Amino acid sequence: MSEPLGVAVLGAGHMGADHVRRIGTTVGGARVVAVADPDTARAEAAVAGRAGVSVHGDALAALAAPGVGAVLVASPEAAHEEVLLAACARGLPVLCEKPLTPDAASSLRVVEAEAGLGRRLIQVGFMRRYDAEYADLKSLLDSGHLGRPLMLHCQHRNVASPPHFTSAMLISSSVSHEIDAARWLLGQEITAVTVLRPTPSGDAPRGLLDPQLVLLETSGGALVDVEVFVNCGFGYEVRCEAVCERGSARVGEDRAMTVRAAGRARQDIAQDYVVRFADAYDREVRAWVAAARTGGATGPSAWDGYAAAAVAEAGVRALREGARVTVEMAERPALYG
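Computed from a predicted model, the values in this text were never measured in an experiment.

Cut-offs applied
- Residues numbered from 1 in each chain as written.
- Predicted model: local features only at pLDDT ≥ 70, side-chain atom pairs only at ≥ 80, totals over all residues.
- Heavy atoms only, no water.
- Core = buried A, V, L, I, M, F, W, Y, C linked by side-chain atoms within 4.5 Å.
- Buried < 20%, exposed > 50% of the residue type's maximum accessible area, 1.4 Å probe, protein only.
- Helix = DSSP H or I, 4+ residues; strand = E, 2+ residues; numbered from the N terminus.
- Contact = heavy atoms within 4.5 Å.
- Expected span 1.5 Å × (residues − 1).
- Polar contact = N/O pair within 3.5 Å; in protein donor to acceptor, adjacent residues only side chain to side chain.
- Lys, Arg positive; Asp, Glu negative; His and termini not counted.
- Salt bridge = Lys/Arg side-chain N within 4 Å of Asp/Glu carboxyl O.
- Pairing = 2+ DSSP bridges.
- Axes fitted to C-alpha atoms, helices over the stretch in contact; angles between N-to-C directions.
- Phe/Tyr/Trp six-rings, centres within 6.5 Å; stacked < 30°, edge-to-face > 60°.
- Lys NZ or Arg CZ within 6 Å of the ring centre and 35° of its normal.

Student: Kindly report on the nonpolar core, identifying the contributing residues and their values.
Tutor: Counting residues in hydrophobic clusters, the biggest one holds 84 residues, and the most contacted among them are I122, L152 and V214. Tallying contributions element by element places helix α10 (residues 302–321) first for this core, with twelve residues. In this structure I122 touches L84, C88, V94, L100, V110, E114, A297, P300, S301 and A302, once residues within four positions along its chain are discounted. V35, L72, A74 and A292 belong to the second largest nonpolar core, which has 22 residues in total.

Below, the structure written as structure tokens:
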């Protein structure tokens, strides 16, 4: 049996620590050999009980650690570009949690660096493509049984937003998942964005424009509306309904156990994305490990990361200007088809 893939995990926060747990336990064929986080105590805690893992305060030092054959980036987005370019220079396959980088310009630099290599190394962590329900919806739409998709109705709700969350991040961080899912499900590019703002919820932090309604127009004439509400207070919910010429299909309905007792019915609601998309994360990392072991990448590409960043930038402009904003995209390199 061949040696497991040695992975450097960059970032030991909520997502990074969950991936450390996943690699080598839920997902086979790989093991964590290095972890980097400016908070080295947090990195130490993430790898507690794992032998042979080096801990670093610097991400680039982790890339150079002995045994590293691939990189999983779960650090804050501002740090992504530097490590992605360094990984490309070393020929290391990468799974990068979204967003690829904080803005379209830096994402395009990463795309150009990878395209210059002539082969894919980067997979972006748009995990909904690996969710069983979303995959079924994609297959149904591709089959043509329901006719041409006309609209997608989406909901994205969180219990509460982190302290650092801004109004722009409802689009650039939260709706970025819907942006990628829409492009993937429809096989179309997003060409324009409009953002409508109801009166903010009284439970939203002061100054946060929450909720928002984001309207996406596509190159094929479909419309996508996204309700994003990051302080709903009761749970984490992600839903999508495709309305087509000859029918509709909806995913993300409650799948939790319902308990009926004492004259009442109770159903638990997932409280965060790690719980709701646990299986999707497992599938995503398995697919990445399998591709990385051959020296390549699969799934959402750096170009998909760039496209999401370009659409999100247009969305943030639409939020600030109160107007419809067209999406400006660079020419797609041949590497990405």
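After that view of the structure, there is still more to cover.
Student: Which residues make up unusual backbone geometry, and what are the values?
Tutor: That bond from K98 to P99 is cis: its omega, -5°, falls within 30 degrees of zero. Locating P99 in the fold gives a position in the loop between β5 (94–96) and α5 (104–117). Following D210, the chain continues to P211 via a peptide bond in cis, the omega torsion being 10°. Its location among the elements puts P211 in the loop between β8 (190–196) and β9 (212–218).

Student: Provide a residue-level description of α10, including the pertinent values.
Tutor: In this model α10 runs 29 Å from its N-terminal to its C-terminal C-alpha over 20 residues, within 8% of the 28 Å that 1.5 Å per residue would give. Of all 20 residues in α10, 16 are buried, a share of seventy percent or more. With a side-chain oxygen lying 3.2 Å from the backbone nitrogen of W303, the N-terminal cap of α10 falls on S301. Positioned one or two residues after α10, G322 has a phi angle of 65°, which is positive.

Student: Got a sec to walk through the side chain of E97? Specific residues and values, please.
Tutor: Within the element layout of this structure, E97 appears in the loop between β5 and α5. The side chain of E97 is buried and forms no salt bridge, while R22, the nearest opposite charge, is found at 6.7 Å. Residues within four places of E97 in sequence aside, it is in contact with M15, H19, V73, A74, H80, G125, Y281 and E284.

Student: Would you mind going over the sheet that holds strand β4 (residues 70–73) in detail, with residue names and values included?
Tutor: Across the sheet, six strands lie side by side as β3-β2-β1-β4-β5-β6; this open sheet has parallel pairing. Strands with a single pairing partner mark the edges of an open sheet, and in this sheet they are β3 (54–56) and β6 (122–124). Neighbour-to-neighbour, the strand axes of the sheet open up by a mean angle of 25°, direction not taken into account.

Student: Explain helix α4 (residues 80–90) to me, using residue names and the numbers behind them.
Tutor: If you check which residues of α4 are buried, you get H80, E81, V83, L84, A86, A87 and C88. Those residues of α4 that are buried lie in contact with β1 (5–10), α3 (59–63), β4, β5, α5 and β6. Just downstream of α4, G91 is the residue with a positive phi angle, here 70°.

Student: Provide a residue-level description of the packing of aromatic side chains, including the pertinent values.
Tutor: All chains considered together, the criterion is met by three aromatic pairs. Relative to F277, the ring of Y236 lies with its centre 6.3 Å away and its plane at 85°, an arrangement referred to as edge-to-face. Of the two residues, Y236 is situated in the loop between β10 (223–229) and β11 (237–244) and F277 in the loop between α8 (273–276) and α9 (278–292); the sequence distance between them amounts to 41 residues. Lying across the ring of F277, R276 places its NZ or CZ 4.2 Å from the centre.

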